[in-house]
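Chain residues, written in single-letter form:
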Amino acid sequence: MIKFDKVVKDYPNGTHALRGVSFEIEDGEFVFLIGPSGAGKSTVEKLIWREEKATSGTVFVDGKNVNELKNKEIPFLRRKIGIVFQDYRLLPQKTVFENVAFALEIVGSDQKEIEKKVPTALSIVGLSKKADAFPSELSGGEQQRTALARAIVNAPDIIIADEPTGNLDPKNSIEIMKLLRAINNKGTTVIVTTHDKNLVDTMNKRVIEINKGVIIRDESNGGYDNEQ
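Residues numbered from 1 in each chain as written. Predicted model: local features only at pLDDT ≥ 70, side-chain atom pairs only at ≥ 80, totals over all residues. Heavy atoms only, no water.

Let's shift gears to the overall build of the protein. Within the protein, the regular secondary structure consists of 7 helices and 10 strands. A compact globule built from 228 residues should have a C-alpha radius of gyration of about 17 Å, and the protein, at 17 Å, falls within 12% of that. Along the three orthogonal principal directions, the C-alpha set of the protein runs to about 45 × 45 × 35 Å. Classification of the 228 residues of the protein by burial places 48% in the buried group. Nonlocal contacts in the protein, meaning residues at least 24 apart in sequence, comprise 67% of its contacts between residues at least 6 apart. For the protein, the exposed area adds up to about 11300 Å²; of that, 47% sits on carbon and sulfur atoms. Side chains of the protein carry 32 positive and 33 negative charges; the gap between the two charge centres is 3 Å. (Helix = DSSP H or I, 4+ residues; strand = E, 2+ residues; numbered from the N terminus. Rg over C-alpha atoms; globule rule 2.2 N^0.38 Å. Buried < 20%, exposed > 50% of the residue type's maximum accessible area, 1.4 Å probe, protein only. Contact = heavy atoms within 4.5 Å. Areas by Shrake-Rupley, 256 points an atom, 1.4 Å probe, with all protein chains shown as cover. Lys, Arg positive; Asp, Glu negative; His and termini not counted. Charge placed at Lys NZ, Arg CZ, Asp CG, Glu CD.)

Structure (structure tokens):
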């Protein structure tokens, strides 16, 4: 479970990113986090994986207050979380296989484990035949699927996808969302931040809407707009 309890996040420049935000996301939920640019969506994500710390209030992930984690404990938290970014963040000098393997290498997996898990992850996202290709040889959709394979290769409890379809055409956007839904159907918690109205309306999942650091709507089976 992810739980925010009266979370406030202020920055030294005077920005009030979050103003007393509270919500719970149960294990296995699929949630869209929406709102205009600067609303606080990215801050919520960063607090979950402890890139940022709350100014006040508490953030719990899997029963632990992440604000109180020691630096040496943060990598163990992040092993439970797979992150997919809008801009893919692939290493250009590494192949698809090597990019996905990198997520295992940084947590100390041995070669035998890498050779078992990477092909499985690539198969899930439909990229088995692209294992030896470099990012520059891939389409945008293929690069995003590589990033998704990298996010799931450690079998995380939580996937956070930050505008995962922002650079994709409608067809590839739908394919990425189908993959995320399939991953969610196997029990993984999925949180997606997006501005894509059509995807949110089509998926009919829980919607948490943030504006100016405040949750203004939390709706199960919601659409992008209030009237949906």
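Here we take up the packing of aromatic side chains. Applying the stated criterion to the full structure yields 3 aromatic pairs. Here Phe4 and Phe23 contribute two aromatic rings whose centre-to-centre distance is 4.6 Å and whose plane-to-plane angle is 15 degrees, an arrangement assigned as stacked. You can see Phe4 sitting in strand β1 (residues 2–10) and its partner Phe23 sitting in strand β2 (residues 16–25), a full 19 residues away along the chain. An identical accessibility class is assigned to Phe4 and Phe23; each is buried. (Phe/Tyr/Trp six-rings, centres within 6.5 Å; stacked < 30°, edge-to-face > 60°.)

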